[in-house]
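# Understanding the architecture of this molecule
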Amino acid sequence: MTQARLMDGTALARRIVEDTARRAAELTARTGVAPCLATVLVGEDPASVTYVRMKQNRCRKAGITSRHVALPASTTTAELVGTLRELSADPTVHGILLQHPVGDHVDERAAFEAIAPEKDVDGVTFASFATMSFGLPGFVSCTPGGILRLLDEYGVDPAGKRAVVVGRSAILGKPVGMLLLARDATVTYCHSRTRDLSAAVREADIVVAAVGRPRLIRGQDIKPGAVVIDAGYNAGNVGDVDFDSAVERASLITPVPGGVGPMTIATLLEQTVTAAEAAAGEPEAA
Ligand code: NAP
């Protein structure tokens with residue numbers, strides 16, 4: 001049995017970021033507008049601080065300005081909503097990213113809904129979920145959008161294929177399933193209450209693992225020739241798929257790291273420049 005081909009998210013993300021940086025520079029040269037992403041962080045959760053810093057660094061390299069709003073952990077829902085509404089109304093801000101999690105005492109959904117859809121470059125609002133689900137122009141959730149780009153890059157057309165998405169979170173499992181459905185896949189969602197996960201995965205032409213459980217999906221359950229997308233990222237650089245056994249059965253597989261991970265930030269940067277182009281009335285905008 002031949003081994004699966006690796007889907008190189010690092011290389012594709014690099015090309016997307018290069019193209020994004022070119023578009024950002026051209027927009028600034030034409031209009032004087034510098035694309036700007038506002039990042040909002042509530043509290044000082046170390047992982048979130050690192051993620052936000054990483055996003056800011058990547059913005060800088062792509063010629064995107066970032067504006068950081070650091071709020072104390074005690075911030076109320078009303079205060080956070082107020083901040084997000086101000087950023088939504090600020091013409092110098094083109095994209096808004098609210099770093100998750102915001103703390104249990106905050107109504108995260110109310111906060112997300114305070115982001116103007118035209119600045120929702122992280123694809124978290126109901127409006128973005130709806131356009132994404134209907135396959136209409138709009139901003140997609142970044143990790144799911146990145147996954148679809150990877151499939152396209154490797155010539156995987158979801159139409160007519162059986163896709164099994166393991167996980168149903170609002171930022172990952174649910175939207176990736178909707179994107180696959182919009183591209184005419186037959187989609188099954190699995191989650192913690194699914195009775196026979198192995199049986200469901202065995203049916204899949206495309207498996208998307210989005211669980212957060214190290215090596216939950218085993219090679220023995222992968223249909224020979226299936227495409228395996230591992231969005232999981234667990235301690236020790238381990239995905240949700242048991243790579244060593246799955247690589248023996250799949251035709252294409254994403255490595256961890258270097259598969260889905262780099263695509264998330266690339267999609268965020270690209271959508272920020274698209275938002276800035278649209279705000280400037282530029283034709284290249286989606
Ligand atoms: P999450 O919000 O914790 O959701 C996990 C999902 O997995 C839930 O729907 C849960 O089911 C389901 N689940 C849990 N245990 C299961 C089991 N034993 N069998 C089947 N389903 C099970 O996680 P998330 O935010 O979607 O993240 C998932 C993974 O992706 C994590 O490893 C995370 O680090 C990674 N991730 C990566 C990126 C990236 O950029 N690469 C971005 C986001 C997340 P219930 O709904 O029933 O609870």
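What comes next is a walk through the structure.

What counts as what
- Residues numbered from 1 in each chain as written.
- Predicted model: local features only at pLDDT ≥ 70, side-chain atom pairs only at ≥ 80, totals over all residues.
- Heavy atoms only, no water.
- Axes fitted to C-alpha atoms, helices over the stretch in contact; angles between N-to-C directions.
- Helix = DSSP H or I, 4+ residues; strand = E, 2+ residues; numbered from the N terminus.
- Parallel < 35°, antiparallel > 145°, perpendicular 65-115°, else oblique.
- Left-handed = near helix turned anticlockwise from the far one by under 90°.
- Contact = heavy atoms within 4.5 Å.
- Nonpolar A, V, L, I, M, F, W, Y, C, P; charged D, E, K, R; others polar.
- Phe/Tyr/Trp six-rings, centres within 6.5 Å; stacked < 30°, edge-to-face > 60°.
- Lys NZ or Arg CZ within 6 Å of the ring centre and 35° of its normal.
- Near = heavy atom within 4 Å.
- Polar contact = N/O pair within 3.5 Å; in protein donor to acceptor, adjacent residues only side chain to side chain.
- Areas by Shrake-Rupley, 256 points an atom, 1.4 Å probe, with all protein chains shown as cover.

Following both chains from N to C, one finds helix α6 (residues 142-153) and helix α7 (residues 173-182) inclined at 40 degrees, their axes separated by 8 Å at the closest point. Comparing their axes, α7 and α6 come out oblique. Helix-helix and strand crossings are classified by hand; for α6 and α7 the assignment is right-handed. Of the residues in α7, those in contact with P144, G145, I147, L148 and L151 of α6 are P175, V176, L179 and L180. Split into classes, the residues belonging to the contact of α6 with α7 amount to eight nonpolar, one polar and no charged.

Turning our attention to the packing of aromatic side chains. Counted by the stated rule, this structure contains zero aromatic pairs. We note R109 situated over the ring of F126; from NZ or CZ to the ring centre the distance is 4.3 Å.

In the vicinity of the ligand, 21 residues are found, and the nearest of them are R168, S169, S192, Y233 and T264. Contacts to the ligand include A231, whose backbone N or O atom sits 3.2 Å from an oxygen atom. The backbone of Y233 places a nitrogen or oxygen atom 2.9 Å from an oxygen atom of the ligand. Taken by itself the ligand offers 930 Å² of open surface, and the protein chains cover 69% of this. Of the residues assigned to the shell around the ligand, the class counts are nine nonpolar, ten polar and two charged.

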